[in-house]
Amino acid sequence: MAETTSTSTQTSWVAKDDTLRYELLENNGPKGAPEGDPIMSIRNLKVSFATEAGRVDAVRGVNFDLWRGRTLGIVGESGSGKSVTALSLIGLLDDNAHVTGSVKFDGEELVGKTDEEMAAFRGKSISMIFQDPLSALTPMFSIGDQLAETLLIHNPNMTNQQLHDRCIELLTMVGITNPEDRLDAYPHEFSGGMRQRVVIAIAIANDPDVIIADEPTTALDVTIQAQILDVLAVAQRETGAAVVLITHDLGVIAGTADDVLVMYAGRAVERASIDTIFDQPSHPYTMGLLGAVPKPHMAAEHRLVPIKGNPPSLAAIPKGCPFSPRCPMASGSCFEIEPTLDPFNAAEGHLVSCHKLATIRDRHLNFQDVYPELEPLPAKWAEVPRDQRPIVLEVKDLVKTFPVQGKGLIRRDKGTMTAVDHVSFKLHEGETLALVGESGSGKSTTLMQIMDLVKPESGSITVLGKDIATLKNNRERRELRRDLQVIFQDPMSSLDPRMPIYDVLAEPLRAQKWAPKDINKRIGELMHLVGINPDYVDRFPSQFSGGQRQRIAIARALATSPKILLLDEPIASLDVSIQAGIINLLEDLQVQLKISYLFVAHDLAVIRHISDSVAVMHLGKIVEQGDTEEVFTNPQDPYTQALLSAIPIPDPKIERTRERMVYQDGKLVSSSSLLSGHKG
Amino acid sequence: MARFVGYVVKRVLNYIVMIFVATSLTYFLASAFMSPRSNYESRTPRPPQESIEWALDAANLNDKTPIMERYQKWIGDILTKGDFGKTPTGASVNHEISSRIGASVQLMLLATIISIVVGVSLGVYTAQRQYQWQDRFWSGVASLFMVIPTVVLAILIVFFAIEVNTATGTRIFYVTGLSSYSGSNFFIGLLDFLQHILLPTIVLTIISAVGYHLGQRTYLLNEMHADYVRTARAKGLTKKQAIRKHALRASLIPTAVSVAFSIAGIFTGAVMTEKIFAIHGLGEYFINCINNNNIHGAVAVAAFSGACTLVGALLADLFAAALDPRIKMS
């Protein structure tokens, strides 16, 4: 329970400025308006880094307050300054960071404190949860030692018995079963989700007043994400701490935050209560973010509307409003003067930083008005129903096993692990089939098996009517490969950085023995097809942004006019505002070229938007298969149900009332029943 | 524990097979290239043919005996009596080697310990001050010593020591051998030993400390920026504490591996340094063997070095397993 802070009897430290005044009005959320004094006050925070590319202004004047028991969500894309803001609250920025402004914790100024002075606050008053649980724990020390260290740093007089009891209590609180046995375990013996629970246990060990969670679930599977968010809620309830939740995922924000700060290019562009932000997003960027995201809980009706361009580089922030080069409404002063955060609705404390504020308010502009290019989905080759079209890829009873070896110095086979277990599906011409599943479900292995074009261990793969077991030599395999191309997740590493784009695109054509004259012509067509200026063919991949690189990867895959594209998480590594553009491109290409997509992804919202049919994989098996709408609206298998209930929905009102289901040993259990038992 | 012992036994058996094969190959190779007969034939006056044959037969080095026959006798003596054969002059290789191992250990032990301590400390010190003047200075010194060949460095140091001796008029530094005092006073003996060992130790320390310094610096820099160090700081450790308690241990794993191999190197000596300072250790012996067509001596040194290296490899695995819980001996 949140106890009232006894130390803050001296109320004088709180600056009664406009920032605080508007924040106190933010009442459009489940917890109403904040009350009492904030525990932390951030004013005019500026962080810059001296780098080889010059001075980088990562944070350019951010103001906010934190109250115990409330959660502030900071949303932004890469380079928005959200993580730097978080790290500057706890004093963990790199040495080359230059911080100015004021960060006050319970009246005490933290900016300018040395590392030694800040150490007294870290882990005790302010604690932090990091993004990647796999690397956040020291691999050489046991879980128990790492937890105990946290306690001992700030309570050196604790006895071993007290330490032991408190560690058990903490591990129980974050939902780790058999904590007694787990104390001596090492991090590598834990799964990612379990490790994140331990990281949360470390963060709440000393009953902090502020917990900063920097993308705490980004690296996790969707069902694990749901569990970790529940644990985070328990952590907040137990400590009564103020939580800063930093994320790019608006669904995560919807279910957890009370107040939201949207950041762009190092500044806040919009700030409001949670319900206000989702009901009435008023900065064109916020509108775009909400509109560009496919909705997991609604059938796709429209094409997604991408925000044009890319997030700005912090070393070269555009003049005027940093969003102006991407904003459909920008004109005149937008390109000259940077706007300030002004009240949009003074009664609700809703602030927006936009020159067009008055227009948006007076005309009640919403996403559709600002981004008018909303088009219906292109008709998908509607003349022939899907199931009557020819089958281009058929997988029957595919099995792939891996030998399991003992870890360590002597590797002994311990048996086999079945990664793909009798998987069967059919892909029709011009169809998009999505393989959905969490890490370890075998979806990527299935894709690799198809791509290898070698006879599977068991079962059969038939590509364009040819059983690949009958392929006699590499020449036949190469011919088939022309019709079967692949696109990988990370466009940064899937393109050779030392090859100009021309060679990247020419390579598959040369492998198919095209004449140089035809190659030239084809490359021009390809660049045009994926929307990149054909004059750029002599540039290197590093000169393009992530989204452009993925377009190049798509062009490379399309070079040989394939009939089937295998897509392995093609948009997972891209920023939210960029994803929409790639999804649209894929949809357009399918209509133009009548390609079939086999789409592997973990983002269910994207899958619902793009795919015609879905196969849900769990532990190597397909547990459910059918039309996308059918599976999403009426899931039959308990695992599918659990998976769908775990997706965070970018709508706070729906998100609050939803009951998450957890899949346990073939049954569905309500997630609240798993954690509520552990109280204090 | 039983599994651990089983593991070590299995490894040692593997190693014995490897050493057997390697040593046998070395034997055939050495027999093909070295000609002990020429030792006798080139003498003036040339000894009578019968006594040459007799001497070569006695040492089992006669190239007129079929190679397999010689090999059988040689390997048989090793396996049954632990006897590594005779030199062309008829002396026992076992005896020559055992007296020289002592000299090599005396020389290497001190230098190895000092170079590990100095190198690792410098690595930790400079890593924590990356790109500051201390780091730049010591990295510059390290690069300088890395490019100077051992022989040049040793001769330079000998040159300076002799200059100092001449300038002061007394013999402060000895530049050859390991001792020249033969009395019974322990302290004078110790002082005499230190006067001899100082210069070769400086040479050996410098050349191997450079490796430890640069290695440790890189390993620690890698670990210092790891996420778990940031977690440790977020718990309330200062940056220095977090590096000491968390990053240092991980960064010591690769260092421990090279330490394990150096322990093996203590017994095999240092070829160049022993030659220059006229220390009669195993390294010098190896060169002499090759020069003097001492087949059995050269093969014995090769076998001994191989054994030491494999013991080093085993130690390296044990060290790594002790430091890193992710590695399990099972």
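The rules behind each value
- Residues numbered from 1 in each chain as written.
- Chains lettered and ligands numbered in written order.
- Predicted model: local features only at pLDDT ≥ 70, side-chain atom pairs only at ≥ 80, totals over all residues.
- Helix = DSSP H or I, 4+ residues; strand = E, 2+ residues; numbered from the N terminus.
- Contact = placed C-beta atoms within 7 Å.
- Rg over C-alpha atoms; globule rule 2.2 N^0.38 Å.
- Buried ≥ 20, exposed ≤ 12 C-beta atoms within 10 Å, placed from the backbone.
- Nonpolar A, V, L, I, M, F, W, Y, C, P; charged D, E, K, R; others polar.
- Axes fitted to C-alpha atoms, helices over the stretch in contact; angles between N-to-C directions.
- Parallel < 35°, antiparallel > 145°, perpendicular 65-115°, else oblique.
- Left-handed = near helix turned anticlockwise from the far one by under 90°.
- pLDDT = per-residue confidence, 0-100.
- Expected span 1.5 Å × (residues − 1).
- Pairing = 2+ DSSP bridges.
- Core = buried A, V, L, I, M, F, W, Y, C linked by C-beta atoms within 7 Å.

1. Some words on the overall build of chain B
The number of helices and strands found in chain B is 13 helices and zero strands. Scanning chain B from its N terminus toward the C terminus, one meets helices and strands in the order α-α-α-α-α-α-α-α-α-α-α-α-α. With respect to the three principal axes, the spread of C-alpha positions in chain B is 85 × 65 × 40 Å. Taking all contacts inside chain B whose residues are at least 6 apart in sequence as the whole, residues at least 24 apart take part in 70%.

2. With respect to the overall build of chain A
Helix and strand counts for chain A come out as 26 helices and 24 strands. The C-alpha atoms of chain A give a radius of gyration of 27 Å, which matches the 26 Å a tight globule of 680 residues would have. Viewed in the frame of its principal axes, chain A has a C-alpha envelope of about 80 × 65 × 50 Å. The burial tally for chain A puts 49% of its 680 residues in the buried class. Residue pairs in contact within chain A that sit at least 24 positions apart in sequence constitute 70% of those at least 6 positions apart.

3. Things to note about the interface of chain A and chain B
Chain A puts 31 residues into the contact, and the matching count from chain B is 26 residues. Sorting the residues of the side of chain A that touches chain B by element identifies α3 (115–119), β6 (126–129), α4 (133–136) and α5 (143–154) of chain A as the ones contributing at least two each. In terms of residue count, the dominant contributor to the side of chain A that touches chain B is α5 of chain A (four residues). Within the side of chain A that touches chain B, the residues separate by chemical class into 15 nonpolar, nine polar and seven charged.

4. A look at the packing of helix α10 (residues 239–268) of chain B against helix α13 (residues 295–323) of chain B
Residues and elements named next belong to chain B. One way to put it is that α10 packs onto α13 with a least axis distance of 8 Å and a crossing angle of 160°. Put simply, α10 runs roughly antiparallel to α13. In the crossing of α10 with α13, the sense of the turn from one axis to the other is right-handed. Two secondary-structure elements touch here, α10 through Arg-249, Leu-252, Ile-253, Ala-256, Val-257, Ala-260, Phe-261, Ile-263, Ala-264, Phe-267 and Thr-268 and α13 through Phe-304, Ser-305, Cys-308, Thr-309, Val-311, Gly-312, Leu-315, Ala-316, Phe-319, Ala-320 and Leu-323.

5. Quick notes on the environment of Leu-66 of chain A
All names here are of chain A. Take Leu-66: it is sitting in strand β2 (residues 54–66). By the C-beta count within 10 Å, which is 27 here, Leu-66 ends up buried. Residues within four places of Leu-66 in sequence aside, it is in contact with Pro-38, Ile-39, Met-40, Leu-72, Val-210, Ala-242 and Val-244.

6. Focus: the environment of Ala-213 of chain A
All names here are of chain A. Checked against the element boundaries, Ala-213 lands in strand β7 (residues 210–214). The class for Ala-213 is buried, based on 30 C-beta atoms found within 10 Å. Discounting chain neighbours no more than four positions away, the residues touching Ala-213 are Ile-129, Leu-232, Val-243, Val-244, Leu-245 and Ile-246.

7. Here's the deal with the packing of helix α8 (residues 186–224) of chain B against α10 of chain B
All names here are of chain B. Two numbers describe how α8 lies on α10: the axes approach to 8 Å, and their chain directions differ by 140°. Overall, the two elements α8 and α10 adopt an arrangement that is oblique. The handedness of the crossing between α8 and α10 is right-handed. The segment α8 lies against α10, with Tyr-212, Gly-215, Gln-216, Tyr-219, Leu-220, Glu-223 and Met-224 engaging Ile-243, Ala-247, Leu-248, Ala-250, Ser-251, Pro-254, Thr-255 and Ser-258. By residue class, the composition of the contact of α8 with α10 is nine nonpolar, five polar and one charged.

8. With respect to the confidence of the model for chain A
All names here are of chain A. In the predicted model, chain A carries a mean pLDDT of 86, and the fraction of residues at 70 or more is 94%. Per-residue pLDDT stays below 50 along residues 1–9; that stretch engages in 10 contacts with residues further than four places along the chain or on separate chains. Taken together, the stretch residues 676–680 has pLDDT below 50 and engages in four contacts with residues farther than four places along the chain or on a different chain.

9. Describing helix α8 (residues 192–204) of chain A
With 13 residues, α8 of chain A ought to run about 18 Å at 1.5 Å a step, and its terminal C-alpha atoms sit 19 Å apart, in line with that. Every buried residue belonging to α8 of chain A is among Met-194, Arg-195, Gln-196, Arg-197, Val-198, Val-199, Ile-200, Ala-201, Ile-202, Ala-203 and Ile-204 of chain A, and all of these are buried.

10. Re the pairing of strand β15 (residues 432–436) of chain A
All names here are of chain A. The element β15 is largely enclosed, with a buried count of five among its five residues. Side chains of β15 alternate between two faces, with Thr-432, Ala-434 and Val-436 and Leu-433 and Leu-435 buried alike. Of the strand pairs in this sheet, β15 and strand β20 (residues 596–601) are connected by five bridges, and their pairing is parallel. Across the sheet, residue Val-436 finds its bridge partner in β20, namely Ala-601. Here β15 pairs with strand β21 (residues 613–618) via four bridges, running parallel. Among the inter-strand pairings, Leu-433 is bridged to a residue of β21, identified as Ser-613.

11. Let's talk about the sheet that holds β20 of chain A
All names here are of chain A. Spatial strand order, β18-β19-β20-β15-β21-β22: six strands in an open sheet with mixed pairing. Looking at which strands have only one partner, the edges of the open sheet turn out to be β18 (484–487) and β22 (621–627). Neighbouring strand axes in the sheet, compared pairwise and without regard to direction, differ in orientation by 15° on average. Those strands touched by helix α15 (residues 443–452) are β15, β18, β19 (564–568), β20 and β21, and its axis lies near 145° from that of β19. Across the sheet, helix α20 (residues 546–558) is in contact with β18 and β19; its angle to β18 comes to roughly 170°.

12. Some remarks on the nonpolar core
The biggest cluster of nonpolar side chains holds 224 residues, and the ones touching the most others in it are Ile-200, Ala-201, Ile-211, Ile-212 and Val-244 of chain A. Looking at this core, the element that brings in the most residues is α8 of chain B, giving 12 residues. Among all residues touching Ile-211 of chain A, those that are not within four sequence positions of it are Ser-127, Ile-129, Ala-203, Ile-204, Ala-235, Gln-236, Ala-241 and Val-243 of chain A. Formed by 19 residues, the second largest nonpolar core is a distinct cluster that contains Ala-59, Cys-289, Ile-295 and Ala-302 of chain B.

13. Some thoughts on unusual backbone geometry
The omega torsion of the bond from Thr-44 of chain B to Pro-45 of chain B falls at -5°, within 30 degrees of zero and hence cis. Secondary-structure assignment places Pro-45 of chain B in the loop between α2 (36–41) and α3 (49–58). Its identity is not glycine, yet Asp-207 of chain A carries a phi of approximately 55°, on the positive side. Mapped onto the elements, Asp-207 of chain A comes out in the loop between α8 and β7.

14. Considerations on the sheet that holds strand β5 (residues 108–109) of chain A
Residues and elements named next belong to chain A. On the basis of which strands lie adjacent, the open sheet formed by four strands has the order β2-β1-β4-β5 and antiparallel pairing. Either end of the sheet is taken by a strand with one partner, and the two such strands are β2 and β5. Direction of pairing for strand β1 (residues 40–51) relative to strand β4 (residues 97–105): antiparallel, over a ladder of eight bridges. Bridge assignment links Ser-48 to a residue of β4, and that residue is His-98. Most of the contacts of helix α2 (residues 82–90) go to β2, to which it runs at about 70°, and overall it touches β1, β2 and β4.

15. Comments concerning the pairing of strand β11 (residues 342–345) of chain A
All names here are of chain A. Where β11 and strand β12 (residues 350–352) come together, three bridges link them in antiparallel fashion. Of the residues in β12, the one forming a bridge with Asp-342 is Val-352. Linking two consecutive strands that pair antiparallel, namely β11 and β12, is a turn of four residues; a positive phi of about 65° is found at Gly-349 within it.

16. As for the confidence of the model for chain B
Residues and elements named next belong to chain B. On average, chain B scores 89 in pLDDT, and the residues at 70 or more come to 98%. Averaged pLDDT values over the elements of chain B bottom out at 86 in helix α11 (residues 271–276) and peak at 94 in helix α9 (residues 227–235). Predicted complex, confidence summary: ipTM 0.82, pTM 0.83.

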